[in-house]
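# Summary of structural features
This is what each chain is made of:
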Amino acid sequence: MKKMYLLIVLLVGVAIRTEAQKSPRFEAVASSDSIFLGHYFQLTLTLENAKGSRFSTPDFGADVEIMAGPNTSSSISIVNGETTQKYSYIYLLRPTHTGPLHIPSASIETDAGTLKASPLDLRVLPNDTGVPQPSVNRQSEVFRFDFGDHPFFDRFPGQPAPAEAPKKKRPVVKM
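Below is a short write-up of the structure. (Residues numbered from 1 in each chain as written. Predicted model: local features only at pLDDT ≥ 70, side-chain atom pairs only at ≥ 80, totals over all residues. Heavy atoms only, no water.)

### Overview of the side chain of T110
Tracing the backbone through its elements, the reader meets T110 in strand β8 (residues 107–110). Residue T110 is classed as buried on the basis of its relative accessible area of 12%. Within the structure, the side chain of T110 is placed 2.7 Å from the backbone oxygen of G113, a separation counted as a polar contact. Residue contacts for T110: discarding those within four places in its chain leaves L47, A50, K51, G52 and L115. (Helix = DSSP H or I, 4+ residues; strand = E, 2+ residues; numbered from the N terminus. Buried < 20%, exposed > 50% of the residue type's maximum accessible area, 1.4 Å probe, protein only. Polar contact = N/O pair within 3.5 Å; in protein donor to acceptor, adjacent residues only side chain to side chain. Contact = heavy atoms within 4.5 Å.)

Listed below in C-alpha cells is the structure:
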C-alpha cells in the first residue's frame, strides 16, 4: 500500500514539473534597427524550449544580400534545476537600397505546432560620408589569463614577438 502512495506522489510530482516547463518561443532579433547602406547586420532567429523541424527561411527577396548563413548554434542552460534550451539560425545580411527594410517572418514546426517569428522593420540610411563598417572584436576579455612575468606567456596570438635586446659582448681576456 505504501508503494502505491509513493508511486502516486511521484507521478503527481512529474506531472507538476512537466506543467511548469516554459512554453516554446520563436523570435527574430536584428543586431541594429538602422543600418548604413553598404554595411551588414546580423539577423538571429532563436527557438527556445522546443525541438524544431522544417525551418522556413524568411523570403528576403532583392532587399538584402545574404553574405553568410544560415549558421546554427545551440545551447542548453540549467539554473537551479530549470532547463532552457535554445537553437539559433544566424544570417549576416547587407541591404541593397536605402529606406525602410522589411524582414518577413520565419516559421518552424515544433511539437507544439508551427511557430512564427514576428517580422522586423528596419531602416537603411545612406552612407554619403563613407562611414566604415565598425569592426567587431571577437576576442573576449573573459578568456585572457595573466601568467605573470613568464616570457613564454608575454604575448597573445596574433601579436608580434617582443624585440630582443642585443646581447652585450664581453671582452675576451687571454691568459
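### Some remarks on the pattern of salt bridges
Counted under the stated rule, the structure contains four salt bridges. E27 is the salt-bridge partner of R25, the closest N and O atoms lying 3.4 Å from each other. For R25, a relative accessible area of 41% translates into the label partly exposed. Connected via shared salt-bridge partners are R25, E27 and E48. (Salt bridge = Lys/Arg side-chain N within 4 Å of Asp/Glu carboxyl O.)

### Description of the nonpolar core
Inside soluble globular proteins, nonpolar side chains tend to come together where they are buried. Of all hydrophobic cores here, the largest spans 24 residues; its most connected members are F26, F41, L43, L45, F55 and I103. Among the secondary structure elements, those contributing two or more residues to this core are β1 (25–30), β3 (41–48), β6 (82–95), β7 (99–103) and β10 (120–125). The element that contributes the greatest number of residues to this core is β3, accounting for four residues. Other than its neighbours up to four places away in sequence, F26 contacts L45, T46, L47, F55, A106, S107, I108, L115, K116 and A117. (Core = buried A, V, L, I, M, F, W, Y, C linked by side-chain atoms within 4.5 Å.)

### Comments concerning the packing of aromatic side chains
Under the definition given, this model contains four aromatic pairs. With a centroid separation of 6.4 Å and an interplanar angle of 85 degrees, the aromatic rings of F26 and F55 are classed as edge-to-face. Linking F26 in strand β1 with F55 in strand β4 (residues 53–56), this pair joins segments that are 29 residues apart in sequence. In this structure an aromatic cluster arises from ring pairing among F26, F55, Y87 and Y89. (Phe/Tyr/Trp six-rings, centres within 6.5 Å; stacked < 30°, edge-to-face > 60°.)

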